[in-house]
Amino acid sequence: MNYRILIGISDAEVLAAARAMISEDPELSIVDPVASAGELMAALGANDVDAVLLHEGLGPLPLLDL
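Not measured: the values here are computed from a predicted model.

Rules used throughout
Residues numbered from 1 in each chain as written. Predicted model: local features only at pLDDT ≥ 70, side-chain atom pairs only at ≥ 80, totals over all residues. Heavy atoms only, no water. Pairing = 2+ DSSP bridges. Helix = DSSP H or I, 4+ residues; strand = E, 2+ residues; numbered from the N terminus. Right-handed = clockwise from strand over helix to strand, strands pointing away. Buried < 20%, exposed > 50% of the residue type's maximum accessible area, 1.4 Å probe, protein only. Arc of directions from axis to C-beta. Contact = heavy atoms within 4.5 Å.

What about the pairing of strand E2 (residues 28–34)?
- Inspection of the sheet shows strand E1 (residues 3–8) paired to E2 by six bridges, in the parallel sense. Bridging across to E2, Ile5 finds its partner in Ile30.
- With helix H1 (residues 12–23) bridging E1 and its parallel neighbour E2, the resulting β-α-β unit is right-handed.

Remarks on helix H2 (residues 37–46)
- All of the buried residues along H2 are Ala37, Leu40 and Ala43. Viewed along the axis of H2, the buried residues span an arc of 120°, placing them on a single side of the element. Among the exposed residues of H2, those oriented more than 90 degrees off its buried face are Ala42, Gly45 and Ala46.
- Buried residues along H2 sit against E1, E2 and strand E3 (51–54).

Take a look at the structure:
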């Protein structure tokens, strides 16, 4: 089974590290990395995902508000 992951990370270095770790597992694929809460909401509406990974610095809203 392939699990589709949506990543919300605004820092390019952290995103690169997350991509590298996720690419190590052949059952995981990244749907679309997003850099803001607005992009995240749009991507959730446009994609079928199994999991969402959010970085604490995503902004502009606090993660718990999302």
